[in-house]
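Overview (structure and organization)
Residue-level listing of the chains:
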Amino acid sequence: GEKMAGRIKKCMWIAAALVAAAFAMQTGVQIQAKTFMTPYLVEQAQGKAPDVTAYVTGGKMKKDAVFSGTVGDDINLMQSGETTSFDKSGEGIRYIVLVDNSGSVEPGQLGEAKKQLINFRKEMSDADQLTLYTVGGNDSAGSKKNVLGREVNGKDSGQLSADLKKIQSIKYYNSKKSKTVLYRSLREVLEENTTFEKRTVVLLVTDGEDDSTGKNNDKEVIRKTVADSMIPVYGVILYNKAQKPNKTKMRYTRDKILDEKNCRGYYADCSGSKSKKTVATAFKDIKTIWKKGTFVVKLKAPSNKKVDGIAKLTLTASVDGTSQAMDPVNVNYSSFAEDTAPPEIKDIKKIQANSISFTITDDSGNVIGADKAANYIVKTKTEKDDGKIWKISSANYNSVDNKVVLTFEESLYTGDYTLSCTNICDDTQEQNKLTKTYEFSFEGLNEGKEKAKEFLKSYWWIAVIALVVVIGLIVVIIVKKKPGKIVEVDPSDMLKADTKLIRLTITDRAGTIKDVEWNVEGSLFVGRSEMCNIFFDDERLSKQHFVIEVTKMACYIEDLESTNGTFVNGVKVTSKRMLLEGDKITAGRETFIFHVINDA
């Protein structure tokens, strides 16, 4: 029987140990659920554009949460990297502790608090810092006292023994006339620490009483100072043993100043009894929140544009497919990391005969001025840099993929070109300008042929006169060589009707392209009427819209007084006009490219 009882007792001990171990493994998660009513809470944030580091805790906070947000009015943030629990981040904490050692505090609990602070000093990592003040004394106009005489670094191992003695020697003012300057001291440390390079927290060890006198120490002023501060405030509320405590101010300290939405921290309430154990548990719980219950979230903006002064940081947490907006907090986003890299142009390509595309790459995302045609200069490349400047009719900029399409007023020739920019810069604090000149090649029109066409279009009548003169000279020579047989040639015969095989490349209103070859004997009529040689069901065409006439010398086009007009290469036909190889005819919704196959 005794053996069985011993075995049962042993099993109970093992079961209890397993339960305790399981509880210890879940401590970080349970502390959050136990201590925070707010699901997601930004305890503190630090910013140096384009980066923001947020320290997030809360009742539902966990590692797989994903965050996004804004700084100020229009700077968007996206999470960069994974969410990390603080104890795995390798970062340190800067602790500022205010201890109430006035006579209203339960001395046993104060003694336990000193014991916990001694352990706290021993456990500090090399990256941690600690400043420890007492706020009790005999004067309501007094000031806080620096117990250790300095800001302690965790790596100050040589002074550890002396620091522990100073903490143990914290004086207890066991007098009914003793005072506490908690509010004044809290306001001072928050006002003294408006900038910081590492996570900083304030811990109050107090019964909630305050005797501060003087300006700006009213309880509502202190509440607002805590709310506006960028430093979270935590608390361990001790038992008040005074015969006539100021319960109103004690409640205000606990329920208003240390409300988690106001202070972005947590308080452990040990004021219900004189128990020292509750103080030890409170320190343990708060340290667990600091290390395991708070997570480091790294976010990044598209550029390093800063916000002057203090800005509002608003984050949204996404967990398991649901999103929840969080209360905004203040962040100093007035400094920035230098970015001197200007945008660059890459992948210049031909799109059509009169357009090119390229990508403007830059880490800042949006590029300022990239949507304005006047900010681009495209020139024909020459040794003296005096080539033709090609007029740009439009610039289409897509800010999502930073792709630009430039469309020119005319088709480009085959050759080499340069592309330069003015008034285009990245969307950074420095606004780095795009100043480099880029070269590219283009397969387009033949410059010689195009210039010859332009010459003929402008001076075709000279060619006709020259041809007539040449023919006249030939006739004269023939007559002189053969006086016995005179051959008369009438120049007007050269303009009489003839037969030629032509090809029209037709694009109709539906966009269908087809080639039509026609052996024209004199004239070819085009219009809407079925009486025409070529007709279309297009209400913009007249019944007989235009005619192509073939002579021995050339082919001509004439508009037949159509309603909407006939155009050759964009120029309206107002009289009979000679057609050249490759001319583009536009009538109604149809286009025709003119070709001569051979002479009949």
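Model, not experiment: these values are computed from the prediction.

**Digging into the overall build of the protein chain**
Counting its secondary structure elements, the protein chain contains ten helices and 38 strands. Dimensions of the protein chain, computed from C-alpha atoms along their principal axes, come out at roughly 150 × 65 × 45 Å. Within the protein chain, buried positions represent 43% of all 600 residues. Of the accessible surface of the protein chain, which amounts to about 31700 Å², a share of 52% is contributed by carbon and sulfur atoms. In the protein chain, 88 positive and 80 negative side-chain charges are present, and the distance between their average locations comes to 10 Å.

**Structural notes on the sheet that holds strand E25 (residues 415-421)**
Taken in spatial order, the three strands of this open sheet run E22-E25-E27, and their pairing is antiparallel. Strand pairing shows two members of the sheet lacking a second neighbour, strand E22 (376-380) and strand E27 (438-442), which therefore form its edges. Each strand of the sheet is rotated relative to its neighbour by a mean of 30°, with strand direction disregarded.

**Focus on the pattern of salt bridges**
Applying the stated rule across the entire model yields 29 salt bridges. Of the charged contacts in the structure, one is a salt bridge between Asp 87 and Lys 292, with a shortest N-O distance of 3.4 Å. Of the two residues, Asp 87 is situated in the loop between strand E5 (84-85) and strand E6 (93-99) and Lys 292 in the loop between helix H9 (276-291) and strand E15 (295-300); the sequence distance between them amounts to 205 residues. Arg 509 is paired through a salt bridge with Glu 539; the nearest N and O atoms lie 3.7 Å apart. Taken together, the residues span a long stretch of sequence, with Arg 509 in the loop between strand E28 (499-507) and strand E29 (513-521) and Glu 539 in the loop between strand E31 (534-535) and strand E32 (546-550) at a distance of 30 residues. Overall, the relative accessible area of 52% leaves Glu 539 in the exposed class.

**Digging into the packing of helix H3 (residues 107-123) against helix H4 (residues 160-168)**
Helix packing for two helices is described by the angle between their axes and how far apart those axes are. For the pair H3 and H4, interaxial distance at closest approach is 9 Å and the crossing angle is 165°. Looking at the two axes, H3 sits roughly antiparallel to H4. The handedness of the crossing between H3 and H4 comes out as right-handed. Contact residues: H3 offers Lys 114, Leu 117, Ile 118, Arg 121 and Lys 122, while H4 offers Leu 160, Asp 163, Leu 164, Ile 167 and Gln 168.

**So, the domain arrangement of the protein chain**
Domain parsing of the protein chain yields domain 1 (90-295), domain 2 (344-447) and domain 3 (499-596). Just the C-alpha atoms count here: the centres of domain 1 and domain 2 sit 63 Å apart.

**Regarding the environment of Val 367**
Position of Val 367 among the secondary structure elements: in strand E21 (residues 367-368). The sequence separation of Val 367 and Leu 473 amounts to 106 residues, and the corresponding C-alpha distance is 67 Å. Beyond its immediate sequence surroundings of up to four residues, Val 367 is in contact with Pro 343, Ile 360, Asp 362, Tyr 397, Asn 402, Ile 424 and Cys 425.

**Side note on the nonpolar core**
Within the largest apolar cluster, 39 residues are counted, with the highest numbers of intra-cluster contacts made by Val 97, Leu 132, Leu 203 and Trp 290. Breaking this core down by element, the ones donating at least two residues are E6, H3, strand E7 (129-134), H4, strand E12 (199-206), strand E13 (233-237) and H9. The element that contributes the greatest number of residues to this core is H9, accounting for six residues. When near neighbours in sequence (up to four residues on either side) are disregarded, Val 97 contacts Leu 117, Leu 130, Thr 131, Leu 132, Tyr 133, Leu 203 and Val 205.

**Comments concerning the side chain of Asp 362**
In this fold, Asp 362 is placed in the loop between strand E20 (355-361) and E21. One buried charged side chain, Asp 362, makes no salt bridge at all; its nearest oppositely charged neighbour is Lys 346, positioned 11 Å away.

**Topic: H4**
Residues of H4 that are buried: Asp 163, Leu 164 and Ile 167. Projection of H4 onto a plane perpendicular to its axis shows the buried side chains occupying an angular sector of 100°, all on one side. Check the buried side of H4 and you find it contacts H3, E7 and strand E10 (152-153).

**What about the packing of aromatic side chains?**
Across all of its chains, the model carries 13 aromatic pairs by this definition. For the ring pair Trp 390 and Tyr 417, a centre distance of 6.0 Å and an interplane angle of 65° mean the geometry is edge-to-face. Of this pair, Trp 390 sits in the loop between E22 and strand E23 (392-398) while Tyr 417 sits in strand E25, and the two are 27 residues apart along the sequence. Side by side, Trp 390 and Tyr 417 carry an identical accessibility label, which is buried. Through a chain of ring-to-ring contacts, the aromatic side chains of Trp 390, Tyr 413, Tyr 417, Phe 440 and Phe 442 assemble into a single cluster. For the cation-ring pair, Lys 388 lies above Trp 390, with the distance from its terminal atom to the ring centre recorded as 3.9 Å.

**Thoughts on the pairing of E13**
With five of its five residues buried, E13 lies for the most part within the structure. In this fold, the crossover linking E12 to E13 by way of helix H6 (residues 219-228) has right-handed handedness. Two elements, E13 and strand E14 (residues 267-269), share three bridges in a ladder whose sense is parallel. Looking across to E14, one finds that Val 236 is bridged to Ala 268.

**Section: the packing of H3 against H9**
The N-to-C vectors of H3 and H9 enclose an angle of 35°; their axes lie 8 Å apart at closest approach. The chirality of how H3 crosses H9 is right-handed. On the side of H3, the interface is formed by Gly 108, Gln 109, Glu 112, Ala 113, Gln 116, Leu 117, Phe 120 and Glu 123, while H9 contributes Lys 276, Thr 278, Val 279, Ala 280, Phe 283, Lys 287 and Trp 290.

**Considering the pairing of E25**
E25 sits mainly inside the fold: five of its seven residues count as buried. Looking at chain direction, E22 and E25 are connected through five bridges and run antiparallel. In the sheet register, Lys 379 faces E25, and the bridge partner there is Thr 418. Relative to E27, E25 runs antiparallel, the two sharing five bridges. The residue of E27 that forms the bridge with Leu 419 is Tyr 438.

**Structural notes on a nonpolar patch on the surface**
A contiguous nonpolar patch, built from Phe 455, Leu 456, Tyr 459, Trp 460, Trp 461, Ile 462, Ile 465, Val 469 and Leu 473 and spanning about 870 Å² of accessible area, is present on the exposed surface. Within the element layout of this structure, Ile 462 appears in helix H10 (residues 447-481).

Scoring rules and cut-offs
- Residues numbered from 1 in each chain as written.
- Predicted model: local features only at pLDDT ≥ 70, side-chain atom pairs only at ≥ 80, totals over all residues.
- Heavy atoms only, no water.
- Helix = DSSP H or I, 4+ residues; strand = E, 2+ residues; numbered from the N terminus.
- Buried < 20%, exposed > 50% of the residue type's maximum accessible area, 1.4 Å probe, protein only.
- Areas by Shrake-Rupley, 256 points an atom, 1.4 Å probe, with all protein chains shown as cover.
- Lys, Arg positive; Asp, Glu negative; His and termini not counted.
- Charge placed at Lys NZ, Arg CZ, Asp CG, Glu CD.
- Pairing = 2+ DSSP bridges.
- Axes fitted to C-alpha atoms, helices over the stretch in contact; angles between N-to-C directions.
- Salt bridge = Lys/Arg side-chain N within 4 Å of Asp/Glu carboxyl O.
- Parallel < 35°, antiparallel > 145°, perpendicular 65-115°, else oblique.
- Left-handed = near helix turned anticlockwise from the far one by under 90°.
- Contact = heavy atoms within 4.5 Å.
- Domains from an automatic or database assignment.
- Core = buried A, V, L, I, M, F, W, Y, C linked by side-chain atoms within 4.5 Å.
- Arc of directions from axis to C-beta.
- Phe/Tyr/Trp six-rings, centres within 6.5 Å; stacked < 30°, edge-to-face > 60°.
- Lys NZ or Arg CZ within 6 Å of the ring centre and 35° of its normal.
- Right-handed = clockwise from strand over helix to strand, strands pointing away.
- Patch = residues over 30% accessible without salt bridge, like charges linked within 9 Å, V, L, I, M, F, W, Y side chains within 5 Å.

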